Structure formats: C-alpha cells, structure tokens
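Coordinates in review
Read off the chains here:
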Amino acid sequence: MSIEINRNVLIVGGGISGLTAQFELEKKGISSLLIESENEIGGKIKTVKKSLSKGDLVVELGPDSFVPNKDTFELLDSLNLKSDLIKSNKLKTGILKEGKIKDLPNGFYFMLPTAAIPFLTTSLVSWRGKLRAGLELFQEKRRDNTDESIAQFVRRRFGDEMLQRLVKPLVKGIFGADGECQSVNATLPQFPAMEKKYGSLLRGMLRSQKRSSPGFLSFKEGMNQVTKSLYQRNRDNILLGTSLINLTRDSLGGFKAKLTNNQSLKVNNVIFATPPRITAKYLDGLSSEASDLLSSFKQKKTRLFYYAYPIRGKIPDHTGLLFDRDLGINSLSFSSLKFQKRAPEDMLLVRASCSAEGSEMQIEELIRKLSGVSMGAIWNDKSESTMPLYEVGHRDRIKRLYSLLPQDIFLCGNAYEGASVPDCISLARRVVGSIMQDLK
Ligand SMILES: Cc1cc2nc3c(=O)[nH]c(=O)nc-3n(C[C@H](O)[C@H](O)[C@H](O)COP(=O)(O)OP(=O)(O)OC[C@H]3O[C@@H](n4cnc5c(N)ncnc54)[C@H](O)[C@@H]3O)c2cc1C
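Scoring rules and cut-offs
Sequence order as written defines residue numbering, which begins from 1 separately in each chain. For a predicted model such as this one, the threshold for reporting local features is a pLDDT of at least 70, and the threshold for listing and counting side-chain atom pairs is 80 or more; totals across whole chains, interfaces and linings nevertheless cover every residue. Under the DSSP-based scheme used, a helix requires at least four consecutive residues in state H or I and a strand at least two consecutive residues in state E, with every element numbered from the N terminus. Here the radius of gyration uses the C-alpha set of atoms, whereas the globule reference equals 2.2 Å times the residue count to the power 0.38. What counts as a contact is two residues whose backbone-derived C-beta atoms lie within 7 Å of each other. Note on definitions: a residue is near a molecule or strand provided its C-beta atom, placed from the backbone, lies within 6 Å of it. Charged means Asp, Glu, Lys or Arg here, nonpolar means Ala, Val, Leu, Ile, Met, Phe, Trp, Tyr, Cys or Pro, and polar covers whatever is left, Gly included. For two strands to pair, DSSP has to find at least two bridges joining them. Lines fitted to C-alpha atoms define the axes here, with helix axes fitted over just the stretch in contact, and angles between the N-to-C directions of these axes take values from 0 to 180 degrees. What marks off one domain from the next here is an automatic or database domain assignment. Angles are sorted into four bins: roughly parallel if under 35 degrees, roughly antiparallel if over 145, roughly perpendicular if 65 to 115, and oblique for all others. Should the near helix be turned counterclockwise from the far one by less than a right angle, the crossing is left-handed, whereas a clockwise turn marks it as right-handed.

Assigned secondary structure in the protein consists of 16 helices and 22 strands. For 440 residues, the compact-globule formula gives about 22 Å, and the C-alpha radius of gyration of the protein, at 23 Å, lands near that figure. In terms of overall dimensions, the protein has C-alpha extents of about 70 × 60 × 40 Å along its principal axes. Considering only residue pairs separated by 6 or more positions, the protein has 70% of its internal contacts joining residues 24 or more positions apart.

Here it is, written out as structure tokens:
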C-alpha cells in the first residue's frame with residue numbers, strides 16, 4: 001500500500017552535499033526528507049576500519065583530508081566536531097622523474113612558486129625552464145575572458161617545462177584529470193583572477209598579503225565522522241536504501257515523488273545531490289534541455305589500491321608521490337605517514353590512485369619499489385570511484401544549466417562549482433540560501 005507524506009523539500013543523495021543541505025534546512029525549520037539509494041550514508045566519503053592482530057587500519061576509500069574554508073568551519077562548529085579535527089603531519093611530496101624521486105619544491109602551490117629558494121634550487125626544472133617561469137612577471141595580460149585549459153594557461157604564463165614537470169603531475173594527482181582538457185576558470189579560478197587583477201601571478205603574489213592556510217585536516221576517527229554526525233542529527237528524516245522512481249508535477253504546482261519503498265511524497269522543492277547523469281534521468285520529463293545538458297557532463301573513473309606493509313628499517317621520505325609520465329598511477333599516498341593512528345606503529349599503509357589502464361600486478365610491483373618495503377603486503381584491498389571532469393567551458397555550461405532549471409529544482413554536488421569536500425559544503429549552503437530567498 002502506498003503511504004503519502006508531505007515535506008517542504010526532498011533531497012536526493014546522501015553524500016556530503018545532500019547531508020549538508022538537509023542540516024542547513026532543518027536548522028532553519030524547513031521540513032525535508034533525504035533519500036539515499038545505498039544502505040550506507042556518506043557517498044564518496046567512506047572510511048573503513050580493518051582490525052589486524054597488531055591493531056587497526058583506518059582506510060579512506062574516498063577523500064582522506066580537506067583544506068577547510070569558512071563554510072566548513074561553520075558547519076563543523078555547529079556539529080561540535082572541531083575538537084575532533086586532526087592536522088596532517090608535515091607533508092613532503094615527491095615527483096618521480098626518470099626513475100628517481102625528487103622533492104616538489106616547498107611552497108609550490110599548483111602553479112605558483114611561493115618560495116623562491118626551493119624553486120630556484122629544484123632539479124625538476126632546468127635553468128632555462130626557471131628563467132622562462134620568471135619571465136611570467138613580464139608576460140602580457142590576456143584581455144580575453146574566455147576559458148582556457150590549465151595547460152594553455154600555464155604554458156602561456158610560465159612556459160612548457162614548468163607545466164610538464166610540476167603542474168601536470170599535480171593536476172593528475174589531485175583532480176585525476178589531464179591538464180590539457182581541464183578548465184582553468186572552473187578548477188583554479190584564483191589564478192586567472194590574479195592575472196586579471198595584477199597582470200602577473202608572481203606580481204600578485206608579491207603584492208597580496210600572505211594568508212596562512214590551516215593545512216590539510218581530517219578527523220580522529222576518519223573522514224566519515226562528519227557524514228555520520230550529520231546523519232545522527234537528522235536520521236528520522238533520512239531513508240537509506242531508497243531511491244526515486246519518478247518526479248512529476250502535481251495539480252498545485254508542487255511535485256509528487258514516487259519512491260522505491262512504495263511511499264509517495266508531496267514536496268514544494270527538490271534538491272538533487274546526485275551525480276549529473278542520474279539527475280538527468282529524473283529531469284527528463286520536467287526540463288528535457290537541462291536533462292540533455294546534464295547527460296553530457298563527463299566523469300573519470302579512478303581505481304584505488306590499498307596495501308599495508310610491515311616496516312623493517314627505513315620508511316619513505318615522502319608522504320605522497322606524483323608522476324611526471326603515465327605509469328598508470330596518478331598519485332601514491334603513504335596514509336600512515338600523512339596522519340597519525342591510521343595504522344599500527346610498525347606498518348605502512350599505502351594508497352594508490354590509478355587511471356583505468358595498467359595491470360594490477362605491475363602497479364603493485366611499482367608501489368612496492370617506490371615504498372621501499374622489503375616484505376609483501378599483509379593486507380590489501382581495492383575499490384573504484386569517479387571524479388567529475390571540468391572541461392574547458394565548464395562555467396558557461398553551468399550558467400546555462402542553471403538558467404534551464406525549473407525554479408523549484410536545485411542542484412548541488414561535486415559536478416558543478418568545485419569538487420572538494422569544502423566546495424560541496426559551500427554549494428549546499430548556497431543552495432539552501434536560495435531556497436530560503438524563494439520562501440520569503
Ligand atoms: C577517491 C577520491 C578521493 C578524493 N579525495 C578528496 C580529498 O582528499 N579532499 C577533498 O576535499 N575531496 C576529495 N574528493 C572529492 C570529494 O570526496 C567528493 O567530491 C565529495 O565527497 C562528493 O560529495 P557529493 O555529496 O557531492 O557526492 P557523492 O558523495 O557522490 O554523493 C551522491 C550520493 O547520491 C547517491 N545516489 C545516487 N543515485 C541515487 C538515487 N537514484 N537515489 C538516491 N540516492 C542516489 C549516491 O549513492 C551517493 O551517496 C575525492 C573524491 C574521490 C572519489
């Protein structure tokens with residue numbers, strides 16, 4: 001028998017985006033129901049504990065840390081989670097170049113060498129490459145506001161060598177993306193903005209006041225502490241293992257949502273916090289143009305491999321490694337060196353994020369060599385995930401998408417205005433702000 005319930009807002013998707021949106025709505029006294037198709041809450045944020053005889057492994061199957069923004073701090077404050085934050089150990093990233101691991105210069109921020117000495121002394125870039133990068137100060141400012149790829153932007157400002165040696169490995173390691181296709185305006189908007197304001201990024205860096213970054217943070221128990229806490233706050237209004245069958249307009253201009261648990265729901269607004277292709281399916285009958293556009297959004301599949309090795313003697317010098325050519329691995333993270341209490345004292349927990357190609361055996365061999373371990377893994381696992389690709393022109397596509405949406409349908413999630421956990425939190429809060437405006 002179908003049961004009918006009434007709520008103001010239906011939220012589809014229980015990752016950090018949907019959960020944050022629901023928390024903000026409830027805080028403002030707006031009734032909501034969140035449905036999540038999996039039996040577990042959190043979406044990409046997934047922490048698992050593995051008990052070994054020597055102690056526990058805390059393994060992150062999704063994000064392992066975040067650099068908080070104001071919205072994130074405010075959310076964590078409301079959830080009383082600030083005292084559970086932990087800071088990463090001092091990060092030292094290496095880049096594998098011609099079989100040798102070299103340090104990423106200290107203070108190198110995506111494409112900006114914020115500290116002169118480490119950049120001038122790195123052997124990752126030749127003197128010619130460094131000189132070309134320094135000439136950024138004198139490169140003419142681009143007047144055209146159209147989007148470019150990260151590669152086009154860096155090549156134009158700093159030269160090809162810095163792009164190939166430092167920026168591309170970073171973009172691949174962090175976003176799982178190819179710098180030649182990834183939009184600079186959508187992914188790293190602060191840099192085109194600096195060019196526009198100061199005419200040069202180096203000049204902008206010298207003129208602007210340095211703000212200290214809080215660095216990379218996580219939670220004592222792992223990243224899912226935040227999603228678990230959000231779930232606890234609103235669990236009476238969350239249905240796990242429940243999906244949307246369809247969404248139709250009712251005679252009063254609201255929506256009727258049919259759910260897979262045989263319930264139906266009357267709502268005034270819907271927030272889709274699901275991947276674009278899933279959202280596209282539900283929007284087909286309501287705005288076919290928005291649905292078509294959402295279907296064209298691209299995602300990239302990432303394979304993740306996890307290994308726990310016994311340590312005998314030396315531990316790796318770096319907390320993470322990046323790669324200057326395609327060996328099938330985008331990045332390698334020594335999770336137990338990055339944060340404390342992720343593995344027993346005498347074990348090394350490693351996570352490799354890999355592109356779709358490359359045989360598992362070859363990857364494991366390379367990981368063992370790079371980790372410098374002498375014994376085989378005593379535990380291993382693997383998983384798959386996806387990340388959105390922000391191709392050149394992404395912001396224009398988003399603007400158009402928003403203009404095509406019915407005014408009572410809202411989108412949040414990592415596919416639109418930033419893919420990091422803090423970006424998702426910020427967008428969810430903005431979406432709730434828009435709903436509140438409409439309710440006034
Ligand atoms: C491997 C990996 C590493 C990352 N590392 C970092 C990092 O270190 N730092 C950082 O800041 N960010 C990182 N990110 C990015 C960040 O984790 C994600 O962008 C963010 O968690 C996405 O949250 P979301 O809520 O937008 O989407 P999701 O977490 O994907 O949530 C969408 C939810 O919708 C549900 N759903 C799908 N279809 C339906 C349906 N029909 N009905 C109901 N529910 C449905 C899904 O099950 C899912 O739970 C990483 C991402 C990945 C994949």
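This part covers the site of the ligand. As a matter of local geometry, the ligand sits amid 35 residues, with Gly13, Gly15, Gly43, Pro63 and Asn414 nearest to it. Every element with two or more residues in the shell around the ligand is listed here: α1 (16–27), β3 (32–36), β17 (299–310), β21 (379–388) and α16 (421–439). When grouped by side-chain class, the residues that make up the shell around the ligand number 15 nonpolar, 16 polar and four charged.

Pairing within the open sheet is parallel, and its five strands lie in the order β12-β3-β2-β16-β22. This sheet does not close on itself; its edge strands, each paired only once, are β12 (238–240) and β22 (409–411). Each adjacent strand pair in this sheet contributes to an overall mean axis angle of 15°, direction not counted. Bridging between strand β2 (residues 9–12) and strand β16 (residues 269–272) involves four bridges; their strand directions are parallel.

Another aspect to go through is the pairing of strand β13 (residues 244–249). Pairing of β13 with strand β14 (residues 255–259) involves five bridges; the strand directions are antiparallel. Along β14, the bridge assignment pairs Leu247 with Ala257. Linking two consecutive strands that pair antiparallel, namely β13 and β14, is a turn of five residues; a positive phi of about 90° is found at Gly253 within it.

It is worth spelling out the domain arrangement of the protein at this point. Considered domain by domain, the protein is made up of domain 1 (3–44 + 223–298 + 390–439), domain 2 (47–66 + 82–91 + 299–387) and domain 3 (106–207). Just the C-alpha atoms count here: the centres of domain 1 and domain 3 sit 35 Å apart. Taken residue by residue, the interface counts six residues in domain 1 and nine residues in domain 3. In the side of domain 1 that touches domain 3, the residues fall into two nonpolar, two polar and two charged.

A word on the environment of Leu244. With respect to the helices and strands, Leu244 occurs in strand β13. In sequence terms Leu244 and Ser37 are 207 residues apart; their C-alpha atoms lie 8.2 Å from each other. Apart from residues no more than four positions distant in its own chain, Leu244 is found in contact with Val12, Ile35, Ala257, Leu259 and Tyr282.

Before going further, it helps to examine the sheet that holds strand β19 (residues 329–334). Pairing is mixed across the open sheet formed by seven strands, whose spatial order is β8-β7-β18-β19-β20-β17-β21. Of all strands in the sheet, those with a lone pairing partner are β8 (100–103) and β21, marking the two edges. Strand-to-strand, the axes of this sheet are offset by a mean angle of 25°, without reference to chain direction. Pairing between strand β18 (residues 320–323) and β19: three bridges, direction antiparallel. Residue Leu322 lies in a different strand from β19, and its bridge partner there is Ser331. The strands touched by helix α6 (residues 160–175) are β7 (93–97), β18, β19 and β21; relative to β18, the strand with the most contacts, the crossing angle is about 120°.

A few words on unusual backbone geometry. For Glu98, which is not glycine, the phi torsion reads 45° and is therefore positive. In this structure, Glu98 sits in the loop between β7 and β8. Even without glycine at this site, Phe110 takes up a positive phi of about 60°. Position of Phe110 among the secondary structure elements: in the loop between β9 (108–109) and β10 (112–113).

Packed helices, taken two at a time, are described by their axes: the angle between them and the distance between them. Relative orientation of the contacting elements α1 and α16 amounts to 40°, with a least axis distance of 8 Å. Overall, the two elements α1 and α16 adopt an arrangement that is oblique. Every pair of crossing elements has a handedness; the one defined by α1 and α16 is right-handed. Two secondary-structure elements touch here, α1 through Ile16, Ser17, Thr20, Ala21, Glu24 and Leu25 and α16 through Val421, Cys424, Ile425, Leu427, Ala428, Arg429, Val431 and Val432. Across the contact of α1 with α16, the residue classes break down as 10 nonpolar, two polar and two charged.

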